[in-house]
Amino acid sequence: MDLSGVLFFPVTPFGADGVLAGDVLAEHLRRGLEHRPGGVFVACGTGEFSALSEAEHAEAVRIATETVNGRVPVLAGAGGPIGTALAQARAARDAGADGLLLMPPYLASGPREGYTAYVTAVSEVLPTIIYQRGSVVLEPETAVELARLPGVAGIKDGVGDIDRMQRTVLAVREERPDFLFFNGLPTAELTMPAYRGIGVELYSSAVFCFAPEIATAYLNGDERLIKEFYAPLVRLRAKVPGYAISLVKAGVRHRGLDVGGVRPPLVDPSPEHLEELVRLIKSGLTLVED
């Protein structure tokens, strides 16, 4: 998979009736594509993966592949129980997706060989990027073992243990120089200096959803954006569990696209926090214009 630059993780829009709004998702994707992301990751964490039914997941992936139409790679979220993960993977394959972002298994935690079997089954359907987070925290030797699987293309780190990741990157790239590593922490731009220091250049940008002008400007190395936009955004995000998603969706609404609210157990931002988000977006856009 040829992935580069800013990676776009679109939200999943819901209408007033709570149903997936496919036309809004298509428009959300079209607006993002105007800013030339390096890839589209649909129905993943920012897309409320855990709140989607299998049918909704399949519909979101279908809309994404049709809208993107081969301009950049499209990857779909998959995970949870093995049956669900396989159903999502097959639906994504049938829709024309290029690969998968594999979330951790749901609740059950088995030994290393059990997780390897889980990854093997899913990665036989489509090329797979493993999302290291929650119950999945890989030792370097385990990462090497998984990297040897023909269908495994990369690892996205949502843990933030730089020491472990440095050892993992070094060990895996001895055998797979082309293996992909991603910074998958929320608001990843804030931690990218540390990840670049260990050889990880790819990252997921939730900010791209609602302020692609800011997300792409960050690639040019404007440190003012870190101090005056990203750091305050992270402080706001930390105030309420789930804000890593609901703030993003609120940002998209603020920029003029009605993508609806989040599904329980997530909650939409309070009026006070929404005002703070709006101020931050205005500040970030002003920096970009300057």
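Just so it is clear, the structure is predicted and the values come from calculations on it, not from any experiment.

**Student:** Is there a simple way to explain helix α4 (residues 112-123) in this structure?
**Tutor:** The α-helix winds at 3.6 residues per turn, so residues separated by three or four positions along the chain end up facing the same way. Between its terminal C-alpha atoms α4 stretches 16 Å, which fits the 16 Å expected from 12 residues at 1.5 Å a residue. Turning to α4, its buried residues are Y115, T116, Y118, V119, V122 and S123. Down the axis, α4 shows its buried residues gathered within 155 degrees of arc, on one side only. Where α4 is buried, its residues contact α3 (82-95), β4 (99-102), β5 (128-132), α5 (140-147) and β6 (152-157).

**Student:** Explain the side chain of T168 here, please?
**Tutor:** Within the secondary structure, T168 is located in helix α6 (residues 162-175). For T168, a relative accessible area of 3% gives the class buried. Excluding its chain neighbours within four sequence positions, the residues that come into contact with T168 are L138, P140, A143 and F181.

**Student:** It is not clear to me how the packing of aromatic side chains should be interpreted in this structure. Could you clarify?
**Tutor:** The description of two aromatic rings rests on the distance between their centres and on the angle between their planes. Counted by the stated rule, this structure contains eight aromatic pairs. Ring centres of F41 and F182 lie 6.3 Å apart, and the angle between their planes is 75 degrees; this geometry places the pair in the edge-to-face category. Of this pair, F41 sits in strand β2 (residues 39-42) while F182 sits in strand β7 (residues 180-183), and the two are 141 residues apart along the sequence. Each member of the pair, F41 as well as F182, is classed as buried.

The rules behind the values
Residues numbered from 1 in each chain as written. Predicted model: local features only at pLDDT ≥ 70, side-chain atom pairs only at ≥ 80, totals over all residues. Heavy atoms only, no water. Helix = DSSP H or I, 4+ residues; strand = E, 2+ residues; numbered from the N terminus. Expected span 1.5 Å × (residues − 1). Buried < 20%, exposed > 50% of the residue type's maximum accessible area, 1.4 Å probe, protein only. Arc of directions from axis to C-beta. Contact = heavy atoms within 4.5 Å. Phe/Tyr/Trp six-rings, centres within 6.5 Å; stacked < 30°, edge-to-face > 60°.

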